[in-house]
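Survey of secondary and tertiary structure
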Amino acid sequence: MDKIIIEGGRRLAGEVQISGAKNAALPILISSLLADGPNTYYNVPDLQDIESTKLLLSNLGGQIEAEADRVHIDTSGLNTYEAPYDVVRKMRASILVLGPLVARLKKARVSLPGGCAIGARPINLHLKGLAALGARIDLAHGYVEASVDELRGTEIYFDVVTVTGTENLMMAAVLAKGTTILRNAAREPEIVALSEVLNSMGADIRGAGTAVITINGVSELKPASYRIIPDRIEAGTFLVAAALTGGNIAVQGAEPDHLGAVIDKLRLTGAEISVDEKVINIQGANDISSVNIQTQPYPGFPTDMQAQFMVLMSIASGTSVISETIFENRYIHVSELRRMGADIIISGNTATVKGVAKLSAAPVMATDLRASASLILAGLVAEGRTEVHRVYHLDRGYQAIEKKFAGLGASIQRVK
Ligand code: EPU
């Protein structure tokens with residue numbers, strides 16, 4: 001199995017190009033299920049989760065061709081309504097086929113995703129919403145079975161803000177009869193991106209990006225062509241890397257507006273940040289100040305940046321209090337960071353991080369994508385040689401991460 005080896009201690013410098021957003025690309029590629037004919041998506045990142053999505057769609061009968069960052073998907077040959085366990089267990093986001101399959105075929109059978117390293121991650125709100133739209137839902141043998149004669153628009157209130165729950169129900173409601181109103185909907189940029197694709201297919205969705213989304217159902221959709229938005233979490237990860245190493249980098253092809261909370265917190269650590277359209281320039285501070293963070297749904301500080309930010313706080317002057325309010329178990333990186341010398345105490349959903357003068361390299365591994373990214377960051381600044389194992393977690397969500405860091409002057413390589 002691959003591992004990544006890092007000799008820490010280099011200041012990062014130069015330019016890095018941001019890839020398309022994983023969490024925008026997944027629902028958008030899946031939205032191809034909603035129309036007959038060829039869809040074309042640009043700026044699709046080269047990631048394991050994208051490969052899983054292609055497999056999922058081709059299992060359902062989709063024809064897929066990819067060249068560089070362009071992906072063509074034609075689901076005219078849609079011939080099954082089942083997403084099997086073997087595919088769903090590799091990628092939880094496979095649950096996103098549920099809404100489109102019920103909308104298009106009136107039937108779906110999708111393996112239940114189950115929990116994962118960061119929490120229980122139930123899908124009760126996806127199911128409750130589909131039931132409110134008129135679907136019969138049964139759970140049997142580890143699968144969700146949903147069927148409907150006709151989806152009917154209704155009002156749906158989310159108890160908890162859910163990103164893929166909002167996306168799933170948007171994709172079901174676009175072909176429902178009548179109007180659906182989603183209240184307490186997620187406001188992430190990925191939701192706005194999905195609504196743009198669906199509207200370009202002929203859907204009538206208003207209010208995406210706010211907590212109330214109104215969807216007037218239409219009878220059919222046509223294929224789309226869409227450029228995937230930049231990955232805000234990848235961009236944020238490079239910004240933190242610069243801050244951590246006292247580096248000076250330009251993060252190119254990003255969408256600064258999507259990174260407000262992260263940029264704000266980085267400035268409070270002493271980093272100097274300037275924004276020029278799609279380029280974010282950062283100069284890390286020599287003396288990093290501690291700041292507190294609390295993860296929140298967008299536009300709050302993203303849970304997907306919590307682990308990376310914790311590494312920065314682990315070498316800051318002073319003590320930082322980090323609260324994780326989205327996932328109950330998203331501190332799996334902490335024990336590995338402690339092995340590298342970090343001083344972190346966990347109590348419930350709060351981590352108290354007392355900055356230390358330096359981290360020391362160690363062999364480490366993590367069982368989640370963002371936790372693994374945080375270990376790469378720790379390796380960049382630690383004294384000595386860090387080996388990060390279980391690299392396949394990184395490959396799910398970061399395109400060529402070691403090449404991009406090497407391009408910024410890091411001493412980093414992948415070993416087969
Ligand atoms: N929740 C419920 N019931 C539901 C759905 C969610 O209780 O039916 C709870 C979850 O347990 C969690 C909270 O609601 O406590 C928020 O979860 P959400 O549904 O928003 O998460 P998700 O849609 O499964 C997406 C991203 C995650 C990201 C979260 C939060 C995708 C494919 N995944 O997951 O990304 O952390 O939103 O922003 O969009 C990652 O990229 O590393 C990643 C984990």
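Use the structure listed above.
Everything in this summary refers to the structure shown in the same document.

What counts as what
- Residues numbered from 1 in each chain as written.
- Predicted model: local features only at pLDDT ≥ 70, side-chain atom pairs only at ≥ 80, totals over all residues.
- Heavy atoms only, no water.
- Helix = DSSP H or I, 4+ residues; strand = E, 2+ residues; numbered from the N terminus.
- Rg over C-alpha atoms; globule rule 2.2 N^0.38 Å.
- Buried < 20%, exposed > 50% of the residue type's maximum accessible area, 1.4 Å probe, protein only.
- Contact = heavy atoms within 4.5 Å.
- Areas by Shrake-Rupley, 256 points an atom, 1.4 Å probe, with all protein chains shown as cover.
- Lys, Arg positive; Asp, Glu negative; His and termini not counted.
- Charge placed at Lys NZ, Arg CZ, Asp CG, Glu CD.
- Pairing = 2+ DSSP bridges.
- Axes fitted to C-alpha atoms, helices over the stretch in contact; angles between N-to-C directions.
- Near = heavy atom within 4 Å.
- Polar contact = N/O pair within 3.5 Å; in protein donor to acceptor, adjacent residues only side chain to side chain.
- Phe/Tyr/Trp six-rings, centres within 6.5 Å; stacked < 30°, edge-to-face > 60°.

**Remarks on the overall build of the protein**
Secondary structure summary: the protein contains 14 helices and 24 strands in total. By the compact-globule yardstick of 22 Å for 416 residues, the protein fits well, its C-alpha radius of gyration being 21 Å. Taken along the three principal axes of its C-alpha coordinates, the protein extends 65 × 45 × 40 Å. With 416 residues in all, the protein has 55% of them scored as buried. Long-range pairs, those at least 24 residues apart, make up 72% of the contacts in the protein between residues at least 6 apart in sequence. Accessible area for the protein stands at about 15800 Å²; split by element, carbon and sulfur atoms hold 47% of it. The averaged location of the 44 negative side-chain charges in the protein is 3 Å from the averaged location of its 40 positive side-chain charges.

**Observations regarding the sheet that holds strand 18 (residues 293-294)**
On the basis of which strands lie adjacent, the open sheet formed by 4 strands has the order 18-19-21-20 and mixed pairing. Pairing within the sheet leaves two strands with one partner each, and these edge strands are strand 18 and strand 20 (343-347). As paired elements, strand 18 and strand 19 (residues 319-323) share 2 bridges and run parallel to each other. Along strand 19, the bridge assignment pairs Ile293 with Ile322. The strands that helix 10 (residues 306-314) touches are strand 18, strand 19, strand 20 and strand 21 (350-354); relative to strand 21, the one it contacts most, it runs at about 30°.

**Observations regarding the site of the ligand**
As a structural note, the neighbourhood of the ligand is formed by 21 residues, with Asn124, Thr162, Thr164, Asp304 and Ile326 the closest of them. A distance of 3.0 Å separates an oxygen atom of the ligand from a polar atom in the side chain of Arg121. Contact distances for the ligand include 3.5 Å between an oxygen atom and a side-chain N or O atom of Arg330. In isolation the ligand offers 830 Å² of accessible surface; the protein chains occlude 88% of this area. Contributions of two or more residues to the shell around the ligand are made by helix 1 (22-30), helix 5 (124-132), helix 6 (163-173) and helix 12 (369-381).

**What about helix 5?**
Listing the buried residues of helix 5 in full gives Leu125, His126, Leu127, Gly129 and Leu130. Close packing links the buried residues of helix 5 with helix 4 (98-105), strand 8 (136-140), strand 9 (143-147), strand 10 (155-157) and helix 6. Two residues or fewer past helix 5, Gly134 is found with a positive phi of approximately 110°.

**Overview of the environment of Met170**
On the secondary structure map, Met170 appears in helix 6. By relative accessible area, which is 0% here, Met170 ends up buried. Sequence-wise, Met170 and Arg414 are 244 residues apart; in three dimensions their C-alpha atoms are separated by 40 Å. For Met170, the contacting residues outside a window of four places in its chain are Leu182, Ile191, Leu194, Ser195, Leu198, Ile205, Ile213 and Ile215.

**Some points on the side chain of Glu234**
Tracing the backbone through its elements, the reader meets Glu234 in helix 8 (residues 232-245). Only 2.8 Å separates the side chain of Glu234 from the backbone nitrogen of Ser19, close enough to count as a polar contact. In this structure the side chain of Glu234 is engaged in a polar contact, spanning 2.6 Å, whose partner is the side chain of Lys404.

**Comments concerning unusual backbone geometry**
Here the bond from Tyr298 into Pro299 is cis, since omega is 10°, no more than 30 degrees from zero. In this fold, Pro299 is placed in the loop between strand 18 and helix 10. Positive phi, normally seen in glycine, also occurs at Arg121, with a value near 50°. With respect to the element layout, Arg121 can be found in the loop between strand 7 (107-111) and helix 5.

**Quick notes on the environment of Ser195**
Tracing the backbone shows Ser195 in helix 7 (residues 189-200). You can call Ser195 buried: its relative accessible area is 5%. A C-alpha to C-alpha distance of 6.5 Å links Ser195 and Ile205, two positions 10 residues apart in sequence. If near-sequence neighbours (up to four positions away) are discounted, Ser195 is found in contact with Met170, Ile205 and Ala208.

**Looking at the packing of aromatic side chains**
Following the criterion strictly, the structure yields 2 aromatic pairs and no others. Plain terms: the ring middles of Phe238 and Phe405 are 4.6 Å apart, the flat faces sit at 40° to each other, and that makes the pair tilted. With Phe238 in helix 8 and Phe405 in helix 14 (residues 401-407), this residue pair connects regions lying 167 residues apart in the sequence. Of the two residues examined, Phe238 and Phe405, each falls in the buried class.

**Considering the environment of Leu130**
Looking at the secondary structure, you find Leu130 in helix 5. Overall, the relative accessible area of 2% leaves Leu130 in the buried class. Those residues in contact with Leu130 that lie beyond four places of it in its chain are Leu98, Val102, Ala135, Ile137, Leu169 and Ala172.

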